[in-house]
Number of protein chains: 2
Amino acid sequence: MTRDIAELTDDALDKALLSQAALPEDLEDLALGDDYALNPEYVEMVIDAADSGNTERLRELVGALEPADVADLMGFLSSAYREEVIPLLDPEALGEIISEMDENLREEILEATPSVTLARALEELDTDDAADVIDDLDDTKRYQVLAAMGEIDRAAIETTLSYEDETAGRLMQREFLAAPEFWTAGHTIDHVREAGDSLPELFFDVYVVDPTYKPVGAIPISLLLRSRRETRLADLMEAVTEIQVEMDQEEVAYIFDKYHLISAPVVDSGGRLVGQITVDDIVEVIREEAEADILALAGVSDAGRDATVIDIVRARLPWLLLNLVTASIAVSGVAVFQDQIAQLVALAILMPIVSSLGGNAGTQSLAVAVRALASKELTTANARRIVLREVSVGLVNGLCLALVMGGATYLVFGPEDQHGKLAIIVGLALVTNIFTAAVGGILAPLALEKMGRDPAVSSSIFVTFLTDFTGFFAVLLIAALLLN
Amino acid sequence: MTRDIAELTDDALDKALLSQAALPEDLEDLALGDDYALNPEYVEMVIDAADSGNTERLRELVGALEPADVADLMGFLSSAYREEVIPLLDPEALGEIISEMDENLREEILEATPSVTLARALEELDTDDAADVIDDLDDTKRYQVLAAMGEIDRAAIETTLSYEDETAGRLMQREFLAAPEFWTAGHTIDHVREAGDSLPELFFDVYVVDPTYKPVGAIPISLLLRSRRETRLADLMEAVTEIQVEMDQEEVAYIFDKYHLISAPVVDSGGRLVGQITVDDIVEVIREEAEADILALAGVSDAGRDATVIDIVRARLPWLLLNLVTASIAVSGVAVFQDQIAQLVALAILMPIVSSLGGNAGTQSLAVAVRALASKELTTANARRIVLREVSVGLVNGLCLALVMGGATYLVFGPEDQHGKLAIIVGLALVTNIFTAAVGGILAPLALEKMGRDPAVSSSIFVTFLTDFTGFFAVLLIAALLLN
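An unreviewed UniProt entry annotates chain A as Magnesium transporter MgtE originating from Caulobacter henricii. Reading the Subunit (unreviewed entry) entry of the UniProt record for chain A gives the comment "Homodimer."

So, in structure tokens, the structure goes:
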């Protein structure tokens, strides 16, 4: 405890001294900055407690944190420190901590934890979260952990795992509150009080079902709470938005976002209620899908916060090699025009500008298209209008840039420029390339979407190739035509 | 109804015929595809009803839709059709429809709607949504609409508008359920039943407050519902995560995501409860912030689905012009090396590849850094380690690419290549540029974040400039050193 105090600021020092005998809430205040991120000083305190072998202090520091913050803390520690912290974790919180962890870390912790401990920890989680963790185990361990679990939990998890990854079936919990139409509000509330453990820990809607267990309506529990006890559920219920169990998670997220849902019933192919999805899982999906789009547009898969250098190289190098191939193809044609370039080196200077501007215009159009596709603002119903609009934008932007750059070329290269021919070459090439960029940037993702592929992945490689190629060729071809 | 039927597929035709006398639910089934996006056929049906002057049919078609779908529909119609539809909208749903609309459309509809109608429509909304719409009105109309509203609603909206845009104060509703610690579960439920209209339409937590109205805990209403009536709130309540009223909405979203919150109490600078934020508003924030990052990285501001060509040109041209300037600066140095290029045109072919690969490597590193900053995986606590890791990744990727491209250069340019010098030039230049890209791609957003700026905006322009510049200069400088 000496080293970290010396490094703390005065303010933090006061707090740290105070916290020596402090309640967990005070420690939590110290742990998190105003922005709810872990304080670097707190991480230092944990490291010092571990260094000095003060297990009691370490347990206290870690125990004061919420599961999500413990997961964060683990990410800031090196693996030697993590090994000291893991045995100190509250077994009840362990499941949640594991489910909050970054994938690389999770694997390490899962390996280090005995199967029986894991089984107990996972039983505390909702089925969807537990299944997620189980899915990350190797076959032997998965078998051991499932065998160590209670019958009911095991069956629930095995059913969840039988659905494909990234579908509603994987996101849903199998615990929910359903009631028949003829029940009254009062009867339903009494039922909830008696049912106890068979209900999920948190729920937000009562699903009203018909005798064949098909959902016919939903009632927010805040409405149930404020209704007179004798009101029948049939008179309270509102229309319900059902989710098909095989639906892709991106679709599910779209529906939650569009209709501002807090929870929704999941139905099987026969329309029968089999589970519910709650909005907290959807928040994660929306963030993950948006992140996936950002990374895909940048041509990189994320290796995670705790990835090694080799993990990251594996995630990035293949895209760069692909880019090397496409750039080489785009440039190879330039060799044909070696004479032009040797004659007029200005071409070598202007070519990269034309292709760089094309690349950026293509990325703009692509990013807007990918976003519009994800939010279904761009659909088959308006694709024609939106493509035509991109075409016009490409022409207008191309003309404006051509005027500016043509003018600049004329001024800069003055005498070298054969009666403004260079300015004309550059201007025409720019219009061509910006136009190509705008059209390619919208058609590539549209085509991928139509083929049922992810429009973000590989669109950007294609569009970059297109604008590189067009950039070089437009300049050199127009030069060949005008200069001889 | 004739034209659109001719254009429908057989399946849709059956449905359409069926729907002639159909219940609204059947119409809704017809309106939405399996993916819950509006069917193009349904839009056609609306257009045909408008064309044939069949107001009753039009009213029926529009009335069958949820507010979010009406907002979508408006986006698919041209403004002449919109003007026919607006007067048919249910006044009770009008507020919600307006608040779901794209900004460009919303302005048009707001202008076309009388102030008194607007005032009534907005009174139906939660304060945060109503304030959002009011904020879009011009000064005169805002004054008129506010004057036409009830005293209480007006005061609530004016208070909300007094908070800065994109803060917790703007997101929160001023309606919530608070109760003192000494109340019992039963008493609280009875209070809810009696309180009626002063409560929000939907709520998910009871906030437990001390006598000074500071939140001391929260109770999910599903827990309240299952507790015994005589249990005191003090014994039920859990720790509460408070949101400061001036907190930036991105921070609020981070907290909701991290702790899986459904609702959270908002407190003023004195720590007193002033409102609540619910997760449905946060879903929108998360999506919007992620979209803003995608667009910022691509150097484009989104003009919205219903933007005109001029709107879009305005959103994109400035970035392209800036890019023209930076690219020109990067390339201008090439002029100094005109003799080298004239001597060895291969340089002009290889330079763009080196700078294109650098640009892509920089974008990769940038996208990962922006994502990690947004999710607070990259903080001051681990910045040093992450930067060092990027440095290693840059070196490894650079060396791999240098080997591949150097080898290819040696094979392709064989005789022209002066004893492999060209291969060495390209290889060295690539290592330099990929390294620069990796380091610039992480340092630029880190520096912007530290200065309190948005790391996504302007990072990409800077990194592209850096790698363009380095790409050209590395090739030409190394060539100048090795070839003479």
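From this point, things continue past the structure.
### What about the overall build of chain A?
In terms of regular secondary structure, chain A is built from 25 helices and six strands. The globule rule puts the C-alpha radius of gyration for 484 residues at 23 Å, and the 30 Å found for chain A is more than 25% above it. Within chain A, buried positions represent 57% of all 484 residues. Averaged over its 32 positive side-chain charges, chain A has a centre that lies 8 Å from the centre of its 83 negative ones.

### So, the side chain of Asn397 of chain A
Here Asn397 of chain A lies in helix α23 (residues 383-413). For Asn397 of chain A, a relative accessible area of 3% translates into the label buried.

### Some points on the sheet that holds strand β6 (residues 273-278) of chain A
Residues and elements named next belong to chain A. The three strands lie next to each other as β4-β5-β6, forming an open sheet whose pairing is mixed. In this open sheet, the two edge strands, each paired with only one partner strand, are β4 (243-244) and β6. Bridge count between strand β5 (residues 263-267) and β6: five bridges; the pairing is antiparallel. If you follow Ser263 over to β6, its bridge partner there is Thr278.

### Quick notes on the interface of chain A and chain B
Across the contact, 120 residues belong to chain A and 119 residues belong to chain B. Both sides of the chain A and chain B interface together cover about 10,900 Å² of buried area, and 66% of this is carbon and sulfur. Looking only at chain A, the three residues that lose the most surface to chain B are Tyr36, Leu225 and Arg226 of chain A, adding up to 7% of its buried area. Counting the contacts that link chain A with chain B gives ten salt bridges. For Asp69 of chain B, the salt bridge goes to Lys258 of chain A, with nearest N and O atoms at 2.5 Å. In this structure, the connection of chain A to chain B is made through 26 residue pairs in polar contact (both at pLDDT 80 or more). The greatest single-element share of the side of chain A that touches chain B, amounting to 15 residues, is contributed by helix α22 (residues 346-374) of chain A.

### Topic: the packing of aromatic side chains
Residue and element names in this part refer to chain A. A complete count under the given rule lists seven aromatic pairs over all chains for this structure. Between the aromatic rings of Phe465 and Phe469, the centroid separation amounts to 5.9 Å while the plane-to-plane angle is 40 degrees, which identifies the pairing as tilted. One end of the pair, Phe465, and the other, Phe469, are both in helix α25 (residues 459-483), four residues apart, so they sit about a helical turn from each other. Taking the relative accessible area as the measure of exposure, Phe465 reaches 23% and is therefore partly exposed. For Phe469, a relative accessible area of 33% translates into the label partly exposed. Aromatic ring contacts, followed pair by pair, group Phe337, Phe465, Phe469 and Phe473 into a single cluster. Here the guanidinium or amino end of Lys376 rests over the ring plane of Tyr254, the centre of that ring lying 4.7 Å away.

### Re the UniProt feature "transmembrane region" (unreviewed entry) in chain A
All names here are of chain A. Feature annotation in UniProt places "transmembrane region" (unreviewed entry) on residues 319-338, 344-370, 391-413, 425-448 and 460-483, given in this structure's numbering. Across residues 344-370, helical content stands at 93% and strand content at 0%; the span's end C-alpha atoms are separated by 40 Å. Secondary structure over residues 391-413 splits into 100% helix and 0% strand, and the C-alpha atoms at its two ends are 31 Å apart.

### Comments concerning the pattern of salt bridges
Per the counting criterion, the structure on display carries 39 salt bridges over all chains. The residue Asp72 of chain B makes a salt bridge to Lys258 of chain A at a minimum N-O spacing of 3.3 Å. One end of the pair, Asp72 of chain B, is in helix α6 (residues 67-76); the other, Lys258 of chain A, is in helix α18 (residues 249-259), on a second chain. Its relative accessible area of 17% is what places Asp72 of chain B among the buried residues. Asp190 of chain B serves as the salt-bridge partner of Arg193 of chain B, at 3.9 Å between the closest nitrogen and oxygen. Here Arg193 of chain B and its partner Asp190 of chain B are both found in helix α15 (residues 185-195), three residues apart, which amounts to about one turn of the helix. Judged by relative accessible area, Arg193 of chain B falls into the partly exposed class, the value being 24%. On the basis of relative accessible area, Asp190 of chain B is assigned to the partly exposed category, the value being 24%.

### Let's talk about the pairing of strand β3 (residues 215-220) of chain A
Residue and element names in this part refer to chain A. Of all six residues that make up β3, five are buried, and the element is covered over most of its length. Two elements, strand β2 (residues 205-209) and β3, share five bridges in a ladder whose sense is antiparallel. Residue Val208 lies in a different strand from β3, and its bridge partner there is Gly217. Connecting β2 to the antiparallel partner β3 that follows it, the hairpin turn spans five residues, and Tyr213 within it adopts a positive phi of roughly 70 degrees.

### Examining the relation of the copies chain A and chain B
Between chain A and chain B, which share one sequence, the superposing operator has a rotation angle of 180 degrees and an axial displacement of 0.0 Å; the RMSD is 0.1 Å. With respect to symmetry, the two chain copies, as superposed, fit the operation of a two-fold axis. Identified as the residue of chain A closest to the rotation axis by C-alpha distance is Ala342 of chain A, at 2.3 Å. When the interface residues of chain A are mapped onto chain B, 99% of them again fall at the interface, so both copies present the same face.

### Some remarks on the nonpolar core
With 152 residues, the main nonpolar core has Tyr42, Ile243 and Ile277 of chain A together with Tyr42, Ile243 and Ile277 of chain B as its most contacted residues. Ignoring anything within four residues of it in the chain, the contact list for Tyr42 of chain A reads Leu27, Leu30, Ala31, Leu61, Ala64 and Leu65 of chain A. If you look at the next biggest cluster of nonpolar residues, it comprises 87 residues, including Phe413 of chain A together with Ala327, Ile341 and Ala474 of chain B.

### Here's the deal with the sheet that holds strand β3 (residues 215-220) of chain B
All names here are of chain B. Pairing within the open sheet is mixed, and its three strands lie in the order β1-β2-β3. Each having just a single partner strand, β1 (178-180) and β3 make up the two edges of the open sheet. On average, adjacent strands in this sheet sit at an angle of 35 degrees to one another, irrespective of strand direction. Here β1 runs beside strand β2 (residues 205-209); their pairing, made up of three bridges, is parallel. Looking across to β2, one finds that Pro180 is bridged to Val209.

### Some remarks on helix α9 (residues 103-112) of chain B
Residue and element names in this part refer to chain B. Looking only at α9, the buried set comprises Leu105, Arg106, Ile109 and Leu110. Buried residues in α9, looked at end-on, bunch into an arc of 130 degrees, giving them a common side. Within α9, the exposed residues directed more than 90 degrees away from the buried face are Glu111 and Ala112. On the buried face of α9, the contacting elements are α6, α7 (79-85), α8 (91-100), α10 (115-123), α11 (127-135) and α12 (139-148).

### As for the domain arrangement of chain A
Residues and elements named next belong to chain A. Here the domain parsing of chain A yields domain 1 (2-163), domain 2 (178-296) and domain 3 (309-483). The centre of domain 2, based on its C-alpha atoms, is set 48 Å off from the matching centre of domain 3. The partner domain 3 presents eight residues to the five residues of domain 2 that form the contact. Carbon and sulfur atoms make up 55% of the surface buried where domain 2 meets domain 3, a total of about 510 Å² over both sides. Looking at the side of domain 2 facing domain 3, the largest losses of area belong to Tyr254, Asp293 and Ala296, adding up to 84% of the total buried there. If you look at where domain 2 meets domain 3, you find one salt bridge. We note a salt bridge from Lys376 to Glu251, for which the minimum N-O separation is 3.0 Å. Our count for the contact surface shared by domain 2 and domain 3 stands at one residue pair in polar contact (both at pLDDT 80 or more). Counting only elements with at least two residues in the side of domain 2 that touches domain 3, the list comes to α18 and α19 (279-297). Here the side of domain 2 that touches domain 3 takes three residues from α18, the largest share from any one element.

Calculation notes
- Residues numbered from 1 in each chain as written.
- Chains lettered and ligands numbered in written order.
- Predicted model: local features only at pLDDT ≥ 70, side-chain atom pairs only at ≥ 80, totals over all residues.
- Heavy atoms only, no water.
- UniProt positions renumbered as here; feature names shortened; annotations may be inferred.
- Helix = DSSP H or I, 4+ residues; strand = E, 2+ residues; numbered from the N terminus.
- Rg over C-alpha atoms; globule rule 2.2 N^0.38 Å.
- Buried < 20%, exposed > 50% of the residue type's maximum accessible area, 1.4 Å probe, protein only.
- Lys, Arg positive; Asp, Glu negative; His and termini not counted.
- Charge placed at Lys NZ, Arg CZ, Asp CG, Glu CD.
- Pairing = 2+ DSSP bridges.
- Contact = heavy atoms within 4.5 Å.
- Buried area = accessible area lost by both parts, 1.4 Å probe.
- Salt bridge = Lys/Arg side-chain N within 4 Å of Asp/Glu carboxyl O.
- Polar contact = N/O pair within 3.5 Å; in protein donor to acceptor, adjacent residues only side chain to side chain.
- Phe/Tyr/Trp six-rings, centres within 6.5 Å; stacked < 30°, edge-to-face > 60°.
- Lys NZ or Arg CZ within 6 Å of the ring centre and 35° of its normal.
- Least-squares fit on C-alpha atoms with pLDDT ≥ 70 in both.
- Core = buried A, V, L, I, M, F, W, Y, C linked by side-chain atoms within 4.5 Å.
- Axes fitted to C-alpha atoms, helices over the stretch in contact; angles between N-to-C directions.
- Arc of directions from axis to C-beta.
- Domains from an automatic or database assignment.

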